[in-house]
Amino acid sequence: MASVPSFRDLPSVDRLLAQSCWSQVPELRAGLRRDACRQVLEALRRRLRAGELERVPPIEELAGAALREAQSSLQPTLRRVVNATGVVLHT
């Protein structure tokens, strides 16, 4: 019978930050990297609490997920919209 993963099986933020995938994007700020690692680890903790995890993914996979999270946070979130409130209010 396979053992159930525990919170002790999760890597630390520092171990995630030490992975080589971060060297691909040196322009990412250290704070952004750290926040992305924390978000990935928090998502894993939620899944552990819910009993959804059968195993903890390898550290390289977790670091890659944190890297993708950090890169996605750099994407612009604003988009063009049409302000038609005046049309509705004045007709």
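See the structure above.
Residues numbered from 1 in each chain as written. Predicted model: local features only at pLDDT ≥ 70, side-chain atom pairs only at ≥ 80, totals over all residues. Heavy atoms only, no water.

So, the overall build of the chain
Rules: Numbering of helices and strands starts at the N terminus; helices are DSSP runs of H or I of at least 4 residues and strands are runs of E of at least 2. Our radius of gyration is a C-alpha quantity, and the globule rule it is checked against amounts to 2.2 Å times the number of residues to the power 0.38. Partly exposed residues are those whose accessible area sits between 20% and 50% of the maximum for their type, while under 20% is buried and over 50% is exposed, using a 1.4 Å probe and protein chains only. When checking whether two residues touch, look at their non-hydrogen atoms; a contact exists if any pair is within 4.5 Å.
Counting secondary structure elements, the chain contains 4 helices and 0 strands. Helices and strands in the chain line up, N terminus first, as α-α-α-α. Relative to the compact-globule value of 12 Å for 91 residues, the chain shows a C-alpha radius of gyration of 19 Å, a clear excess of over 25%. Expressed as lengths along the three principal axes of its C-alpha atoms, the size of the chain is roughly 70 × 35 × 15 Å. Burial statistics for the chain: of 91 residues in total, 31% are counted as buried. A sequence separation of at least 24 residues applies to 73% of the contacts in the chain between residues at least 6 apart.

Description of the environment of Arg 38
Looking at the secondary structure, you find Arg 38 in helix H2 (residues 30–50). Of the residues examined, Arg 38 reaches a relative accessible area of 44% and is grouped as partly exposed.

Overview of the environment of Leu 32
Following the sequence through the fold, Leu 32 ends up in helix H2. When the C-alpha atoms of Leu 32 and Ala 70 are compared, they prove to be 6.2 Å apart, with 38 residues separating the residues in sequence. If sequence neighbours within four positions are ignored, Leu 32 has contacts with Ala 70, Ser 73 and Leu 74.

Section: the nonpolar core
Counted only if it meets this: In this text, buried Ala, Val, Leu, Ile, Met, Phe, Trp, Tyr and Cys residues form a nonpolar core when linked through side-chain atoms within 4.5 Å.
Ranked by size, the top nonpolar core spans 22 residues in total, and within it Leu 16, Trp 22 and Leu 28 carry the most contacts. Contributions of two or more residues to this core are made by helix H1 (13–17), H2 and helix H3 (59–73). Per element, the largest residue contribution to this core is 7 residues, and it comes from H2. Those residues within four positions of Leu 28 in sequence are excluded, and the remaining contacts are Trp 22, Arg 33, Leu 67, Ala 70 and Leu 74.

What about the state of the cysteines?
The line we're drawing: Two cysteine sulfurs form a disulfide in these notes if their separation is within 2.5 Å.
The final tally for this structure, using the stated rule, is 0 disulfides. Distance from the sulfur of Cys 21, which forms no disulfide, to the nearest cysteine sulfur (Cys 37) is 8.0 Å.

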